[in-house]
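# Chain and residue survey
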Amino acid sequence: MIEIEKVHKSFGQLKVLKGIDLRVAKGEVLSVIGGSGSGKSTLLTCINGLEPIDSGRILVDGTEVHAKSTDLNKLRRKIGIVFQQWNAFPHLTVVENVMLAQRKVLGRSKPEAEAEAVRQLSHVGLGDKLKVYPSRLSGGQQQRMAIARALAMSPHYMLFDEVTSALDPQLVGEVLDTLRMLAAEGMTMICVTHEMKFAREVSDRVAFFHKGVMAEIAAPAELFGAPKSEELRAFLSATH
Ligand code: ADP
Ligand code: MG
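Residues numbered from 1 in each chain as written. Chains lettered and ligands numbered in written order. Predicted model: local features only at pLDDT ≥ 70, side-chain atom pairs only at ≥ 80, totals over all residues.

### Some words on the confidence of the model for the protein
We count it as follows: Confidence per residue, as judged by the predictor, is encoded in pLDDT with a range of 0 to 100.
Residues of the protein with pLDDT of at least 70 account for 100%, and the chain-wide mean is 96. Our summary of model confidence lists the complex with pTM equal to 0.96 and ipTM equal to 0.98.

What follows is the structure in structure tokens.
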């Protein structure tokens, strides 16, 4: 479980997260929507300890992320994170790219890492691209490689930050289908997304962020069907 309690976070004078309270249960799929600059990406980077917080606390499986005593490297292994773009190593093949962190971070043997890479790449539909170089992949295939790379680390949680935003429209579907598949398999996921149809269809709950505040959180039918705040109504009418 991920527990976020009264989290405040600033960059200098700028208050970016203003008292976020949120729990994500095992197996839950949470989508996070909201305008640019509302703090969505910052929340994800705080969850895996990439960014410090000013106050409050974040617990992952009961371990406080920002406590001094926490082994952050160990904790981060539980949390896969995929961004808009991942710059794969161009001189390594797809399968070698997916093996690298397994070898370096988890200390897996070469055959072990390779078997897991092949397994995850096949799982995301790239079983026929193992030996090609990343530059030969489409944007959608590159994102699926990034997802396979994260999954190969055997994470308990997956965080996705606008993983389809940099893609040509015709490539968005294949990446969302991959996320759908993971959701159906029971992966615990937080998906920051602009794809309202995806959020509506795949999420257990949707959170709407506005200026550093989690202004609304509800099941998708309720959040999209009966938005409570003027801000969410305005956001939804602008994105539809
Ligand atoms: P979102 O992902 O919702 O678009 P972000 O979490 O990226 O929003 O950013 C929230 C605010 O924090 C923005 O105003 C952004 O410019 C600012 N910000 C984000 N990261 C940094 C940083 N590393 N240093 C300073 N300001 C930042
Ligand atoms: Mg962002």
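The discussion continues.
### Brief notes about unusual backbone geometry
To be explicit about the condition: The helix and strand labels rest on DSSP assignments: H or I over at least four residues marks a helix, E over at least two residues marks a strand, and numbering proceeds from the N terminus.
Here Lys 6, not a glycine, exhibits a phi torsion of approximately 50°, which is positive. When you line up the elements, Lys 6 lands in strand 1 (residues 2-11). The phi angle at Asp 61 is positive, at roughly 50°, despite the residue not being glycine. With respect to the element layout, Asp 61 can be found in the loop between strand 4 (55-60) and strand 5 (63-64).

### Let's talk about the packing of helix 5 (residues 139-151) against helix 6 (residues 169-184)
Filter applied, for reference: Between the N-to-C directions of two axes lies an angle of 0 to 180 degrees, each axis being a line fitted to C-alpha atoms and, for a helix, fitted only over the stretch in contact. If an angle is under 35 degrees, it is roughly parallel; if it is over 145, roughly antiparallel; if it lies from 65 to 115, roughly perpendicular; otherwise it is oblique. The handedness criterion is simple: a crossing whose near helix is rotated anticlockwise from the far helix by less than a right angle is left-handed, and one whose near helix is rotated clockwise is right-handed. Think of it this way: build a C-beta for each residue from its backbone, and any pair within 7 Å is a contact. Note on residue classes: Ala, Val, Leu, Ile, Met, Phe, Trp, Tyr, Cys and Pro are nonpolar, Asp, Glu, Lys and Arg are charged, and everything else, Gly too, is polar.
The interhelical angle for the contact between helix 5 and helix 6, taken along N-to-C directions, is 20°, at an axis separation of 8 Å. When the axes of helix 5 and helix 6 are compared, the pair comes out roughly parallel. Relative to helix 6, the crossing made by helix 5 is right-handed. Along the contact surface, helix 5 presents Gly 139, Gly 140, Gln 143, Arg 144 and Ile 147, while helix 6 presents Leu 171, Glu 174, Val 175 and Thr 178. Broken down by class, the residue content of the contact of helix 5 with helix 6 amounts to three nonpolar, four polar and two charged.

### Considerations on helix 1 (residues 40-47)
Heads up, the condition is: Residue burial is a threshold on neighbouring C-beta atoms within 10 Å of the residue's own C-beta, all placed from the backbone, with 20 or more meaning buried, 12 or fewer meaning exposed, and counts in between meaning partly exposed.
With six of eight residues buried, helix 1 lies mostly within the body of the structure. Among the residues making up helix 1, those that are buried are Lys 40, Thr 42, Leu 43, Leu 44, Cys 46 and Ile 47. Residue Gly 49 follows helix 1 closely and has a positive phi angle near 75°.

### Points about the site of ligand 1
Put simply, the rule is: All residues are tested the same way: a C-beta atom is placed from the backbone, and lying within 6 Å of a molecule or strand makes the residue near it.
Every residue lining ligand 1 is accounted for by Phe 11, Leu 14, Val 16, Gly 34, Ser 36, Gly 37, Ser 38, Gly 39, Lys 40, Ser 41 and Thr 42. For the shell around ligand 1, the elements supplying multiple residues, two or more each, are strand 2 (14-24) and helix 1. Broken down by element, the shell around ligand 1 gets its largest block of residues, three residues, from helix 1.

### What about the sheet that holds strand 5?
The criterion, for reference: Any two strands are treated as partners once DSSP identifies two or more bridges connecting them.
Spatially, four strands are ordered 2-1-4-5 in an open sheet, and the strand pairing comes out antiparallel. A strand with exactly one partner marks an edge of an open sheet, and here the two such strands are strand 2 and strand 5. Pairing analysis gives five bridges linking strand 1 to strand 4, with the strands arranged antiparallel. For His 8, the partnering residue across the bridge sits in strand 4 and is Ser 55.

### Details of the UniProt feature "domain: ABC transporter" (unreviewed entry) in the protein
The criterion, for reference: UniProt positions are given in the numbering used here, feature names are shortened, and annotations may be inferred rather than shown by experiment.
Listed under "domain: ABC transporter" (unreviewed entry) in the UniProt record, and renumbered for this structure, are residues 2-236. Across residues 2-236 one finds 37% helix and 26% strand; the C-alpha atoms that close the span lie 27 Å apart.

### What to know about the packing of helix 3 (residues 94-104) against helix 5
For the pair helix 3 and helix 5, interaxial distance at closest approach is 8 Å and the crossing angle is 35°. The element helix 3 and its partner helix 5 pack so that their crossing is right-handed. Along the contact surface, helix 3 presents Val 94, Asn 97, Val 98 and Ala 101, while helix 5 presents Met 145, Ala 148 and Arg 149. Across the contact of helix 3 with helix 5, the residue classes tally to five nonpolar, one polar and one charged.

### A look at the sheet that holds strand 3 (residues 29-34)
Strand order in the open sheet formed by six strands is 6-7-8-3-9-10, with mixed pairing between adjacent strands. The strands lining the two open edges of the sheet, one partner per strand, are strand 6 (79-82) and strand 10 (213-218). Taken pair by pair, the neighbouring strands of this sheet meet at an average axis angle of 15°, ignoring direction. Pairing analysis gives five bridges linking strand 9 (residues 205-210) to strand 10, with the strands arranged antiparallel. Looking at strand 10, one finds that Ala 207 is bridged to Ile 217. Packed onto the sheet, helix 6 meets strand 3, strand 7 (157-161) and strand 8 (188-192) and runs at close to 150° relative to strand 8.

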